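# Residue-level structure breakdown
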Amino acid sequence: MGAMIELTVTTTAREVLVDITTLVRHALRDAGVRGDGVLHVFSPHTTAGITVNEGADPSVARDLVVALSGLVPRSGDYRHAEGNSDAHVKTSLVGTSAAVPLVGGAPRLGTWQSLYLAEFDGPRRRAVWLQATTDGVAT
Amino acid sequence: MGAMIELTVTTTAREVLVDITTLVRHALRDAGVRGDGVLHVFSPHTTAGITVNEGADPSVARDLVVALSGLVPRSGDYRHAEGNSDAHVKTSLVGTSAAVPLVGGAPRLGTWQSLYLAEFDGPRRRAVWLQATTDGVAT
Amino acid sequence: MGAMIELTVTTTAREVLVDITTLVRHALRDAGVRGDGVLHVFSPHTTAGITVNEGADPSVARDLVVALSGLVPRSGDYRHAEGNSDAHVKTSLVGTSAAVPLVGGAPRLGTWQSLYLAEFDGPRRRAVWLQATTDGVAT
C-alpha cells in the first residue's frame with residue numbers, strides 16, 4: 001500500500017460536478033500504483049463530496065446539480081451561520097468518498113461511469129485524496 | 001487479494017431493489033475467498049446503485065423505491081435526452097458501491113441487513129462487481 | 001489486517017447525529033492499529049447510518065437532521081408495519097458506512113470533518129464496527 005496521493009481541483013461555480021477521472025488516472029500512473037484492489041477517492045471537505053455518475057452526456061451532471069438544489073434549497077430551516085447548510089446536506093447525500101475497483105493499477109469504471117468532485121459551495125480550490133489498496137503485483 | 005468477481009443480476013421492473021445477499025455469499029464461497037477484511041460491492045452502472053437496508057420485510061425495499069420516486073420525479077427540469085435523469089440522480093443518492101466487513105471470507109452483515117442492487121431504470125441485465133480486500137488467512 | 005473492532009454508541013433522541021470521531025480514534029489506538037491505508041466505519045443497522053460532515057459548529061448536524069426529516073417525512077406512502085420507514089430511507093440516503101484515509105494508524109480527516117453515527121430511529125444502543133485495511137507498518 002502506497003502513500004496517500006493528494007490532488008488539487010479548482011471549481012468554477014457554486015454548484016458543479018467536475019469530472020476528475022482523467023486526473024485520477026494520471027495521478028495513479030505517475031505514482032507508480034500497480035496491482036489489483038480498490039481505489040478510494042476522498043473529499044476532505046464538508047461542502048463538497050465525491051460521486052460516480054455518467055460522463056458521456058454533460059447534461060447528466062447538470063441535471064444532478066439542479067435536482068439536488070431542488071431537494072435541498074439554499075434557504076430553509078437552517079441555523080448554521082455560514083449560510084451554506086444546503087451544501088453540507090448535499091455532501092452527506094452524495095457522500096465524501098467513492099470506491100471503485102482497481103485493476104492493473106487503474107480504476108476499472110463501468111462504460112458510462114466517471115468520477116466526480118461534487119462542489120456545492122464553490123468556487124474554490126479543493127483537495128482530493130486517493131488511497132489505493134492493492135496487492136502491489138503488476139498485472 | 002483475489003481477482004475481481006463479476007456477477008449478473010436481472011431486474012424485472014423499472015424501479016426495484018433486488019436482494020443480492022445470497023448471490024454474493026455464494027460467489028465469494030465459490031471463488032474461495034478467505035480471511036478477514038472488507039468486501040466492496042460495485043455497480044458499474046449510472047442508473048443502478050448498491051445499498052444496504054432491511055431484508056426481513058419486503059415492504060422496506062418497496063417503501064424505499066416509492067420514497068425515492070417521490071423525491072426525484074421522473075419528469076422535471078432535466079436536459080438529459082434519454083429521459084432517465086431521475087434514475088441518474090437516485091443512483092448518486094444511494095451510491096454505486098457498498099462496503100461491508102468480511103469475516104472468514106463471508107460478509108458480516110447486521111441482523112436485519114441485506115445487500116441490494118438498486119435498479120432505477122430497468123428492467124435490464126445488470127453487472128455487479130465484487131472485490132475482497134483481505135489478509136487471505138483462513139479463519 | 002487486524003480483527004474487526006466493535007464499539008457501542010448510545011443515542012438520546014429519535015433523530016440525532018452523534019460525533020464518534022474521538023471514540024474511533026481511541027479505539028484504533030487501544031487496538032494497536034498501525035500503518036497507512038483505509039479505515040472503514042460500519043453501521044450494522046438499517047435505521048442508522050454513518051456520515052462525515054462538519055464537527056466544529058453543532059448547527060450543521062442539527063440542520064442535516066432537520067433537512068432529512070423535511071425530505072423524508074415520518075408519515076407517507078409507507079407499508080412497513082413498524083412505522084419507521086422514514087428512518088430506513090434516510091439510512092440509504094446517507095449510507096451505512098464511511099471510508100476515510102488511515103495515516104499512521106489514525107483517521108486522516110479534513111480540517112472540518114467529523115465522523116458521525118446518524119441515528120434516525122432512536123434513542124437506542126447502537127453498534128459501530130471498524131475495520132482498518134493497512135500495510136501494518138508503523139509510521
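Structure first, text after, so check above.
Let me sum up the structure you'll find in this document. None of the values given here were measured: they were computed from a predicted structure. (Residues numbered from 1 in each chain as written. Chains lettered and ligands numbered in written order. Predicted model: local features only at pLDDT ≥ 70, side-chain atom pairs only at ≥ 80, totals over all residues. Heavy atoms only, no water.)

### A word on unusual backbone geometry
With glycine set apart, most residues show a phi of negative sign, and most peptide bonds adopt trans. Following G122 of chain B, the chain continues to P123 of chain B via a peptide bond in cis, the omega torsion being 0°. Secondary-structure assignment places P123 of chain B in the loop between strand 7 (113-119) and strand 8 (125-134). (Helix = DSSP H or I, 4+ residues; strand = E, 2+ residues; numbered from the N terminus.)

### Side note on the pairing of strand 1 (residues 5-10) of chain C
All names here are of chain C. Residue alternation in strand 1 divides its side chains into a buried set, I5, L7 and V9, and an unburied set, E6, T8 and T10. Across six bridges, strand 1 lies against strand 8 (residues 125-134) in antiparallel orientation. Of the residues in strand 8, the one forming a bridge with I5 is L130. (Buried < 20%, exposed > 50% of the residue type's maximum accessible area, 1.4 Å probe, protein only. Pairing = 2+ DSSP bridges.)

### Quick look at the interface of chain A and chain C
Across the boundary between the two partners, chain A contributes 26 residues, which contact 32 residues of chain C. Overall, the association of chain A and chain C removes approximately 2300 Å² of surface from exposure, summing both partners, and the carbon and sulfur fraction of that is 60%. Here chain A and chain C share one salt bridge between them. Its salt-bridge partner being R62 of chain C, residue D77 of chain A comes within 2.9 Å of it at the nearest N-O pair. At the boundary of chain A and chain C, one finds eleven residue pairs in polar contact (both at pLDDT 80 or more). When grouped by side-chain class, the residues that make up the side of chain A that touches chain C number eleven nonpolar, twelve polar and three charged. (Contact = heavy atoms within 4.5 Å. Buried area = accessible area lost by both parts, 1.4 Å probe. Salt bridge = Lys/Arg side-chain N within 4 Å of Asp/Glu carboxyl O. Polar contact = N/O pair within 3.5 Å; in protein donor to acceptor, adjacent residues only side chain to side chain. Nonpolar A, V, L, I, M, F, W, Y, C, P; charged D, E, K, R; others polar.)

### Overview of the nonpolar core
Grouped together as the largest cluster of nonpolar side chains are 45 residues, with contacts concentrated most on L93 of chain A, L93 of chain B together with L93 of chain C. In contact with L93 of chain A, other than residues within four places in its own chain, are L68 and V72 of chain A, S92 and L93 of chain B together with L68, L71 and L93 of chain C. (Core = buried A, V, L, I, M, F, W, Y, C linked by side-chain atoms within 4.5 Å.)

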